[in-house]
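# Examining the three-dimensional arrangement
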Amino acid sequence: MIPDDAINRLHESASKVAQFCDELGVKQWEIVAEQGYGHSVELEGGKITMASGGGSGGIGVRVLDQGKYGYAHFADVKSAKFAIERALNVASKSPAIDGFELPSLVSAKSVEGLLDQRVLSLSPEDVMTQADEILSEVDNANPRAVVTGGGIGAGVHAGVLVNSNGIEESGMRSSHGFSLQVTIDENGEQTSSYEGEYSRSLIHDFEPCVSKAVHWAEVTRNPIKGQDVSDCEVLMTSEGLAPLFSMVFPSALLGERMARKESLWSEKMGSKVLDDHLSIVDDRLLTGGISSTGRDAEGVPSRSHKLVENGDLISSLWSVRDSAQMVDEGRVDHAQTTGSAVRGSYQGPPSVGCSNLILKTSNRTKSLEDLILSIDSGYVVHSVMGAHTANPTSGDFSVTSSAILKVENGTVIGALKQAGLSGNLAKAFSKNVHMSNDTRRQGSYSSGSMYLPDVLLKEGLRVNPA
Amino acid sequence: MVMAATPSKANSVDSRNLDKSKVNKALDSALEMGATYAEVRLVSLSTGTASLRDGSLHRAVPGQEIAATLRILSNGSWGVHSTTDIQSIPQQIEPTFRLANAVASRRDKSHKSITLAEVPIIEDELHWKPKKDVRDIQLETRIELMNQVHQEANDHQNIISVQCGWSDEHIHTELMTSEGMDRTWSFQRIMTNVMVTARDEKEVVSYRMRHGGEGGLDLLESVDLGEMGRTCRVSALRLLGAKRAPSGRMPLVADRDLTGVYIHEALGHPCEADLVAAGDSCLEGKLGQKIGSELITVVDDPLMRGGYGAYPIDDEGLDTKKKLLIKNGVLNEYLNHRETAGYFDLEPNAGARAQDGLHHPLVRMSNTMVLGGNHHDLDDLIADIPHGIYACGSRGGQVDTGRGSFQFAAQEAWLIENGELTSPLKDVSVSGLTLEILKNVDGLTKDAKLASPGFCGKGQTVPVGDGGPLMRIKDALVG
């Protein structure tokens, strides 16, 4: 899947760019070079519709002089000088940040489980065979169910980060993932469900994910009549919660947003922000974690970071640049990097962000079934539409669900065709929160990877049946 | 060297990147192997992004990218290879041909093989040149224009943060096909945006706006950008005191932004013929049927210059054209590309768009708009509403195309009481079933226009425009 010398080639490119930086008199520089390769198969209308493969990559350069920085990206080393000059031009017009220096080399832990040779050895034909298996699993689970969308892919990403202060880091990460939208269209009624799984290692078994997709397409059929709007208990499955959780809480945990008072948890450091048995950890060293790295995007060693402990906000996340800037602007007295710089790709400079965000409880957990049993009158929500419209600065949201089950006296009595779900996520998590014993990794959002159990929110949410 | 390995200099990326004879030879080799069609589409991008935070430059990133996608159709199935290593394309003909055949070998008899609708074979160049080329914009100009927004947005003690953003891009595309198509085209887009955060002792709120479209610097220089900052400031401050919206079914009037988001999400996506073919559209089998109020006429028009979704030639090399999706409530046309036009035996209507050179074309919208109606203005629309909602500014939306359900959220709203706007509201979302809402539209103002620029995700992200008039829905599910 990837040339044996991929890392060497990236090192060579980065070295050439570094040489140009030196020739142009750049005081401090940081170069990132990336290359990705992969195969993928698309599923639509119950069949494989397309197989594709390829590779892409490029280079980004950050220059820094007396606290002023600039960045540029480009496709080929031959464009490097021109790009460096553009980055220098940007730097010359940028405000100086007192104390902003690129990090120096400090030893870092390596993270296990990020590269699986079995994924690298998958051929396009292997990936197509896996797509066949998914289609077959769906057919076995319910012959009326059709895969109307989705796909499967395997890939590898190689990256190199070097800077003028001696950091020289390289590594490869594998990825294997699939998604499927299952639809049952029968007797004039169409129901569907979307599920997916993504991993750094080879996914062996598609059946659990397929079963879940088929199950939700089945249980949402024959909807019952919705009742009146009510403030009630809502059990969000891990899958249903993740899109909302990822919109609201990760941005609240960023030090820069707190300092600028843009975070819903600004000025709450040391205060109770969640129910007092809940904790949130950002673990960049998680074995096999989707967002794990030995070093962050600026080359600073990664770590596991406790942010909320027993409901109290105890820490926030910083990168080198934003910590220096917030101190320089006088917004905080002291801040330093927590090794939390992230970068979407070589096409942009590092910013600060979460990695693997894990929600934990010190209370006794229950199975999903037992959580349902504890509901007097409420709903189970497995997916929502419009999570991206949630307001991260307030925690307010108003979304729609077509995968929502009505629960009375601990028993699911049927599905609603559609319902609105609204409230404030921060308030809903501030008391009377109960969690299942099954924490699941939920995809990879731009705000990080979410590791969440099923969560029963007893207060603060409103359901508006269609 | 088979083809140019790097983009040409920043200000001349319209020069040719693909070597005609070498690419033709590669495409011919695909046909010799047994392929029925092959194409190489190369996209070279020159981009400039920048942002201000509280009036100070936060980041600016100039960039250049080049990538190409090879598509081969063999035995009725696609094989695709995408790469930034442009030189490697000839070596990928054979493996990509094999990929297509591997897909074809899995197709059972119940599934149609792919046939492409016939299209005119054209060899030409077409460049939409703005008055002021985005590649000539100096960083100082970007900062100065963003500062016009910032200064107006920041003018109140409760405004705690103003973030201004900027993006411009020059898109240069070359397409060569085994049928002899050889087209090169280019165009530009530009946009600025602002997000204002306001805070008081009780809460923190934000409001955001965008302005931009297809074109060059002149597009932003010709408007009062300060007005965008003022509007955001006023709206954010108003949200601080706004109440939560009531929940339930009630009349709703949508502003131009929300009319656009609704028509994009709820109607535009189900009109995409690839979703129809996949059995994932509530509009399957409804061509020619009445699906909505007679007031509703909807167009999708990539030739609406200045709209953020405008483009001169689609990514399969077809001349673009206006599509009339709904005419007086009757479903008139799907958006299609060559594959779906072939599948449904329809005239191709140039709806193929790819995110960039690394992605293959999908059926996508461009500038989607509801045409105007008979009401004069907002007052006219709300005059006979005893209790309802006027919702403004989009926070985005989402659709389940198969079930025909959708959701969109407003940035702010007002309660309508006895024909007048009264209390400001926040956190308004609207959901429903596409076909139900289309039938419930009972009023449109005359002045249809495109609203704010947007982005549409469908596995790939493309810029789009959408809009229309103010639209009244007599019964909508709010909250």
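Residues numbered from 1 in each chain as written. Chains lettered and ligands numbered in written order. Predicted model: local features only at pLDDT ≥ 70, side-chain atom pairs only at ≥ 80, totals over all residues. Heavy atoms only, no water.

## Quick look at the overall build of chain A
- Of regular secondary structure, chain A possesses 10 helices and 23 strands.
- Compactness check: chain A gives a C-alpha radius of gyration of 24 Å against a globular reference of 23 Å for 466 residues, within 12% of the reference.
- Seen through its C-alpha atoms, chain A measures out along the principal axes to roughly 70 × 55 × 35 Å.
- A sequence separation of at least 24 residues applies to 73% of the contacts in chain A between residues at least 6 apart.
- For chain A, the separation between the mean place of its 41 positive charges and that of its 59 negative charges on side chains is 5 Å. (Helix = DSSP H or I, 4+ residues; strand = E, 2+ residues; numbered from the N terminus. Rg over C-alpha atoms; globule rule 2.2 N^0.38 Å. Contact = heavy atoms within 4.5 Å. Lys, Arg positive; Asp, Glu negative; His and termini not counted. Charge placed at Lys NZ, Arg CZ, Asp CG, Glu CD.)

## Describing the overall build of chain B
- Scanning chain B from N- to C-terminus turns up 10 helices and 24 strands.
- By the compact-globule yardstick of 23 Å for 479 residues, chain B fits well, its C-alpha radius of gyration being 24 Å.
- Taken over 479 residues, chain B has a buried fraction of 65%.
- When contacts within chain B are restricted to residue pairs at least 6 apart in sequence, long-range pairs at least 24 apart make up 75% of them.
- Accessible area for chain B stands at about 16500 Å²; split by element, carbon and sulfur atoms hold 46% of it.
- Averaging the coordinates of the 51 positive side-chain charges in chain B and doing the same for the 66 negative ones gives two points 2 Å apart. (Buried < 20%, exposed > 50% of the residue type's maximum accessible area, 1.4 Å probe, protein only. Areas by Shrake-Rupley, 256 points an atom, 1.4 Å probe, with all protein chains shown as cover.)

## What about the environment of B:Cys232?
All names here are of chain B.
- If you trace the backbone, Cys232 turns up in helix H5 (residues 225-240).
- C-alpha separation for the pair Cys232 and Ile93, spaced 139 residues apart in sequence, amounts to 52 Å.
- When residues no more than four places from it in sequence are discounted, the contact partners of Cys232 are Val194, Val196, Tyr207, Arg208 and Met209.

## Here we look at the interface of chain A and chain B
- If you look at the interface, chain A gives 83 residues, while chain B gives 72 residues.
- Roughly 6300 Å² is buried in total at the junction of chain A and chain B, and carbon and sulfur atoms are behind 48% of that figure.
- Here chain A is connected to chain B by 38 residue pairs in polar contact (both at pLDDT 80 or more).
- If you tally residues by element for the side of chain A that touches chain B, the top one is strand S2 (residues 47-65) of chain A, at 11 residues.
- For the side of chain A that touches chain B, the per-class residue count stands at 25 nonpolar, 39 polar and 19 charged. (Buried area = accessible area lost by both parts, 1.4 Å probe. Polar contact = N/O pair within 3.5 Å; in protein donor to acceptor, adjacent residues only side chain to side chain. Nonpolar A, V, L, I, M, F, W, Y, C, P; charged D, E, K, R; others polar.)

## Overview of the sheet that holds strand S11 (residues 312-313) of chain A
Residues and elements named next belong to chain A.
- An order of S11-S10-S9-S14-S21-S20 is seen for the six strands of this open sheet, with the pairing classed as mixed. Each edge of the open sheet is held by one strand with a lone partner, namely S11 and strand S20 (440-445).
- The pairing of strand S14 (residues 356-361) with strand S21 (residues 448-452) spans three bridges and is classified as parallel. By the bridge assignment, Asn356 is partnered in S21 with Ser449. (Pairing = 2+ DSSP bridges.)

## So, the domain arrangement of chain A
Residues and elements named next belong to chain A.
- Split into domains, chain A comes out as domain 1 (6-219) and domain 2 (230-465).
- At the boundary of domain 1 and domain 2, one finds four salt bridges.
- With a shortest N-O distance of 3.0 Å, Arg62 and Glu298 are connected by a salt bridge.
- Counting residues per element, the ones that place at least two in the side of domain 1 that touches domain 2 are strand S1 (28-44), S2, strand S3 (68-74), strand S5 (168-186), strand S6 (189-199) and helix H5 (207-219). (Domains from an automatic or database assignment. Salt bridge = Lys/Arg side-chain N within 4 Å of Asp/Glu carboxyl O.)

## Comments concerning the nonpolar core
- Grouped together as the largest cluster of nonpolar side chains are 50 residues, with contacts concentrated most on A:Phe245, A:Trp265, A:Leu421 and A:Phe429.
- With seven residues, the single largest contributor to this core is helix H6 (residues 238-252) of chain A.
- Grouped together as the second largest cluster of nonpolar side chains are 45 residues, B:Ile291, B:Leu335, B:Met365 and B:Val478 included. (Core = buried A, V, L, I, M, F, W, Y, C linked by side-chain atoms within 4.5 Å.)

## Structural notes on the packing of aromatic side chains
- Counting across every chain of the model gives 15 aromatic pairs over all chains.
- Ring geometry for B:Tyr334 against B:Phe344: centres 5.9 Å apart, planes inclined by 50°, an arrangement best described as tilted. With a gap of 10 residues between them, B:Tyr334 in the loop between strand S12 (330-331) and helix H8 (338-344) and B:Phe344 in helix H8 connect regions that are remote in the sequence.
- With relative accessibility at 4%, the residue B:Tyr334 sits in the buried group.
- The class of B:Phe344 is partly exposed, set by a relative accessible area of 27%.
- In this structure an aromatic cluster arises from ring pairing among A:Phe245, A:Phe249, A:Trp265 and A:Phe429.
- One cation-aromatic arrangement involves A:Arg62 over A:Tyr69; the distance from NZ or CZ to the ring centre is 5.9 Å. (Phe/Tyr/Trp six-rings, centres within 6.5 Å; stacked < 30°, edge-to-face > 60°. Lys NZ or Arg CZ within 6 Å of the ring centre and 35° of its normal.)

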